[in-house]
Amino acid sequence: MQSSIVHKLLALLNVVSEAQKPMTFSEIVDKTGLNKSTIHRLLSIGVEERMLRFDSHKKVYMLGPRVFDLVRNAHDRYDIQTIALDEMLRLHELLGVNVTIGVPSGTEVVYLRVIEAHQSLGAVQRPGMREPIHCSASGKALLAYTQDAAVHSLLKGYDFKRYTDRTVTTAEGFENELAFVREHGFGKNDREEYEHFLGISAPIFNYLSEPTAVLNIWSVYPRHTIDDLIGWSSELKASAQEVSEMIGGIMPVRTDVKAR
């Protein structure tokens, strides 16, 4: 029933979670439209169950630690490659190229699962394969949405090793690549690590709007060009967003595209 205590408590938690700042009792009453006695009861239950926290000094309510514990526990138990599999298969069938999912590991990206194209595209990425962040679409997609301080720390003293004539070999060049990701929503690698490999990657976000994994489609030159792959970027981004939503992820609101 809509009038049940459970529905009312969920509605209350939703109001508090969407507020831009902790709320007073009066603000909660005004926002929910419920009577004061009902709000008193709901707040008491919420605080007792640690779903809400009351600041007795400021007289305001905010989400409690149990809410964050539930989200964190659920997120920690996700097998991201299993959750992403349906979207990976969709991209595979739709585009006919290799599809991979990777996660960050220091200054590298580690690939967890690989779905190979129906037609052989030569040597392929294997589960467990690693790529440097500076010359991979996946590394760029992950770093572009990572907090500035963490990026600066990670890149301090970083060796921008040249692999091909197309490799980005300077911090300034890499920062421009990150700006491209923030503007377009995906990273690109046009034969920067190997002379014939090219790909694009879109990040998967967790509940804190942090990039936690990346979906990647890739092929070989001249079978495909980087423009071919960029033409499919909307499908890749749609799949990455779908996976983000399945794990309770939140897309970041950051819209600036300037280099760091």
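Heads up: the structure comes first, above all this text.
Calculation rules
- Residues numbered from 1 in each chain as written.
- Predicted model: local features only at pLDDT ≥ 70, side-chain atom pairs only at ≥ 80, totals over all residues.
- Heavy atoms only, no water.
- Helix = DSSP H or I, 4+ residues; strand = E, 2+ residues; numbered from the N terminus.
- Buried < 20%, exposed > 50% of the residue type's maximum accessible area, 1.4 Å probe, protein only.
- Contact = heavy atoms within 4.5 Å.
- Areas by Shrake-Rupley, 256 points an atom, 1.4 Å probe, with all protein chains shown as cover.
- Lys, Arg positive; Asp, Glu negative; His and termini not counted.
- Charge placed at Lys NZ, Arg CZ, Asp CG, Glu CD.
- Salt bridge = Lys/Arg side-chain N within 4 Å of Asp/Glu carboxyl O.
- Phe/Tyr/Trp six-rings, centres within 6.5 Å; stacked < 30°, edge-to-face > 60°.
- Lys NZ or Arg CZ within 6 Å of the ring centre and 35° of its normal.
- Expected span 1.5 Å × (residues − 1).
- Bend = angle between axes of the 7 residues up to and from the residue.
- Pairing = 2+ DSSP bridges.

A. Structural detail: the overall build of the protein. Of regular secondary structure, the protein possesses 10 helices and eight strands. With respect to the principal axes defined by its C-alpha atoms, the protein has extents near 70 × 40 × 30 Å. Counting every position in the protein, which comprises 260 residues, the buried fraction comes to 46%. Long-range contacts, defined as pairs at least 24 residues apart, comprise 60% of the intrachain contacts of the protein with a sequence gap of at least 6. Accessible area for the protein stands at about 13700 Å²; split by element, carbon and sulfur atoms hold 51% of it. Treating the 29 positive side-chain charges of the protein as one cloud and the 33 negative ones as another, the clouds have centres 7 Å apart.

B. Region of the structure containing the pattern of salt bridges. This structure, assessed with the given rule, holds 10 salt bridges. For the salt bridge of Glu-192 with Lys-140, the shortest nitrogen-to-oxygen distance reads 2.8 Å. Here Glu-192 is found in the loop between β6 (187-190) and β7 (197-205), whereas its partner Lys-140 is found in helix α6 (residues 137-143), with 52 residues between them in sequence. Each of Lys-140, Glu-177, Lys-188 and Glu-192 takes part in a single network of salt bridges with overlapping partners.

C. Structural detail: the packing of aromatic side chains. For the structure shown, the criterion picks out seven aromatic pairs. The interplanar angle of 45 degrees and the centroid separation of 4.7 Å between the aromatic rings of Phe-197 and Trp-218 together place this pair among those described as tilted. Of the two residues, Phe-197 is situated in strand β7 and Trp-218 in strand β8 (residues 211-220); the sequence distance between them amounts to 21 residues. With a relative accessible area of 9%, Phe-197 lands in the buried category. Taken together, the ring pairs connect Tyr-158, Phe-160 and Phe-174 into an aromatic cluster. Sitting over the face of the ring of Phe-180, Lys-188 holds its NZ or CZ atom 4.8 Å from the ring centroid.

D. Representation of the side chain of Ser-209 in the model. In this structure, Ser-209 sits in the loop between β7 and β8. Among all residues touching Ser-209, those that are not within four sequence positions of it are Ile-250, Met-251 and Pro-252.

E. Structural context of helix α5 (residues 80-95). For α5, with 16 residues, the first-to-last C-alpha span of 22 Å sits near the 22 Å given by 1.5 Å per residue. If you look at α5, its biggest bend is around 40 degrees, right at Asp-86. Lining the buried residues of α5 we find β3 (98-105), β4 (108-115), β7, β8 and α10 (233-246). Within two residues after α5, Gly-96 carries a phi angle of roughly 70 degrees, on the positive side.

F. Layout of the pairing of β8. The element β8 is extensively covered by neighbouring structure, given that nine of its 10 residues are classed as buried. Sheet topology note: the β3/β8 ladder contains five bridges and is antiparallel. The partner of Asn-98 across the bridge, within β8, is Trp-218. Bridge count for β7 against β8 is nine bridges, and the pairing is antiparallel. Along β8, the bridge assignment pairs Phe-205 with Pro-211.

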